[in-house]
Amino acid sequence: MLRVVVLVSGGGTNLQAMIDAIKDGRITNAEIVGVFCNNRGAYALERARAAGIDSCCISPRDYKDRQDFNEAFLNRIDEWKPDLVVLAGFLVIIPPKMAKRYAGRMINIHPSLIPSFCGTGYYGLKVHEEALKRGVKITGATVHFVDEGTDTGRIIYQKAVEVKNGDTPEILQRRVMEQAEWIILPKAVNDIANGLISFNGE
Ligand code: GRF
């Protein structure tokens, strides 16, 4: 059984997609052993509770400086002894020490086709606003390994999604989630759990 820890900051629909996929057998050989969240109000925590998954919520604001937070954060993740760490809408910058420790064992879902609309500052609705501003006709989502950069790690899966006339950032965000994110993230976890993708991404 692959021990998976999921890091979240918000609604947690991608977390839910993985919980559901484990329940209905689209993900096998994996269990979510912990959910880490930096935001007490996040609905993702409710989802973890409802699924009976252990969770922990600490925020940088609870610590005197970023270094103290980073240490507590990394210790908490280590305690779960994860084989795989999944960033699913996690808005905290991953400390370099953590990126090194979990190199090849940490993945992220990004709501665009990398290398478009990614990197520093591209998160949440901003990604979709910029895609609409640029007038692209196709966008999508990417699952990739996490390295020390922002959205620079090796790509695992991508799925394209059509942009339609009249789309708002909110409508496009929802379509990208439904048609891409909630499909390729569980698939990546399943494929890692079953040895179809090796931890270093080959
Ligand atoms: C998703 O669009 C994900 O790609 C991005 O943040 C959003 C998180 O949504 N990184 P949710 O919390 O999984 O509902």
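Residues numbered from 1 in each chain as written. Predicted model: local features only at pLDDT ≥ 70, side-chain atom pairs only at ≥ 80, totals over all residues. Heavy atoms only, no water.

Colleague: Sorry, what's going on with the pattern of salt bridges here?
Modeller: For side chains bearing opposite charge, pairing can occur when the charged atoms are close. Scanning the entire structure with this criterion turns up 13 salt bridges. For the salt bridge of Arg49 with Glu46, the shortest nitrogen-to-oxygen distance reads 2.9 Å. Of this pair, Arg49 and Glu46 both sit in helix H2 (residues 43-50), three residues apart, which is roughly one turn of that helix. Each member of the salt-bridge network shares a partner with another, and the members are Asp54, Arg76 and Glu79. (Salt bridge = Lys/Arg side-chain N within 4 Å of Asp/Glu carboxyl O. Helix = DSSP H or I, 4+ residues; strand = E, 2+ residues; numbered from the N terminus.)

Colleague: What's the story with the site of the ligand in this structure? I'm lost.
Modeller: Near the ligand you find Gly10, Gly11, Gly12, Thr13, Asn14, Gly89, Ile109, Pro111, Met177 and Glu181, and these make up its full shell. Gly12 places a polar main-chain atom, nitrogen or oxygen, 2.8 Å from an oxygen atom of the ligand. Note that an oxygen atom of the ligand is positioned 2.8 Å from one of the side-chain N or O atoms of Glu181. Judged by its atoms lying within 2 Å of the grid points, the ligand is housed in the largest pocket. Put simply, the parts of the chain that give the shell around the ligand at least two residues each are helix H1 (13-23) and helix H6 (169-193). Each residue belonging to the shell around the ligand can be placed in one class, and the counts come to three nonpolar, six polar and one charged. (Near = heavy atom within 4 Å. Polar contact = N/O pair within 3.5 Å; in protein donor to acceptor, adjacent residues only side chain to side chain. 1 Å grid on protein atoms, 1.4 Å probe; cavity = no way out; pocket = protein on both sides within 12 Å on 5 of 7 lines; lining within 4 Å. Sits in = over half its atoms within 2 Å of the grid points. Nonpolar A, V, L, I, M, F, W, Y, C, P; charged D, E, K, R; others polar.)

Colleague: Which parts of the structure should I look at to understand the sheet that holds strand E3 (residues 55-57)?
Modeller: Paired through their backbone hydrogen bonds, the strands of a sheet run either parallel or antiparallel. The strand order across the open sheet formed by seven strands is E3-E2-E1-E4-E5-E6-E7, and the pairing between neighbours is mixed. Either end of the sheet is taken by a strand with one partner, and the two such strands are E3 and strand E7 (155-162). When strand polarity is set aside, the average angle formed by the axes of neighbouring strands in this sheet is 20 degrees. Both strand E4 (residues 84-87) and strand E5 (residues 106-110) contribute to a ladder of three bridges, which runs parallel. The residue bridging Leu87 from the neighbouring strand is Asn108, located in E5. On the sheet, H1 packs against strand E1 (2-8), strand E2 (30-37), E4 and E5 and is oriented at approximately 160 degrees with respect to E2. (Pairing = 2+ DSSP bridges. Axes fitted to C-alpha atoms, helices over the stretch in contact; angles between N-to-C directions. Contact = heavy atoms within 4.5 Å.)

Colleague: Help me understand the packing of aromatic side chains in this model?
Modeller: Centre distance and the angle of the planes are the two values used to describe a pair of aromatic rings. All chains considered together, the criterion is met by five aromatic pairs. Where Phe36 meets Phe73, the ring centres are 4.7 Å apart and the plane angle is 35 degrees; that geometry is what we call tilted. Placement of Phe36 in strand E2 and of Phe73 in helix H3 (residues 66-79) is noted, with a sequence separation of 37 residues between them. There is no split in this pair, since Phe36 and Phe73 are both buried. Ring centres of Phe73 and Phe90 lie 5.7 Å apart, and the angle between their planes is 45 degrees; this geometry places the pair in the tilted category. (Phe/Tyr/Trp six-rings, centres within 6.5 Å; stacked < 30°, edge-to-face > 60°. Buried < 20%, exposed > 50% of the residue type's maximum accessible area, 1.4 Å probe, protein only.)

Colleague: Is there a simple way to think about the layout of surface pockets in this case?
Modeller: Leftover empty space is mapped by rolling, across the atoms, a probe with the size of a water molecule. Volume-wise, the largest pocket comes out at about 920 Å³. Together, 36 residues line the largest pocket, and Gly89, Phe90, Leu91, Asn108 and Tyr123 are the ones closest to its centre. For the lining of the largest pocket, the per-class residue count stands at 14 nonpolar, 18 polar and four charged. (Points joined across faces, edges and corners; volume = space filled by probe spheres on them.)

Colleague: When you look at the environment of Ala141 in this model, what are you seeing that I'm missing?
Modeller: Within the element layout of this structure, Ala141 appears in strand E6 (residues 138-145). Sequence separation between Ala141 and Ile183 is 42 residues, and the spatial gap between their C-alpha atoms is 9.8 Å. Those residues in contact with Ala141, other than ones at most four positions away along the chain, are Ile109, His110, Pro111, Ser112, Leu113, Tyr157, Gln158, Lys159, Val176, Ala180, Glu181 and Ile184.

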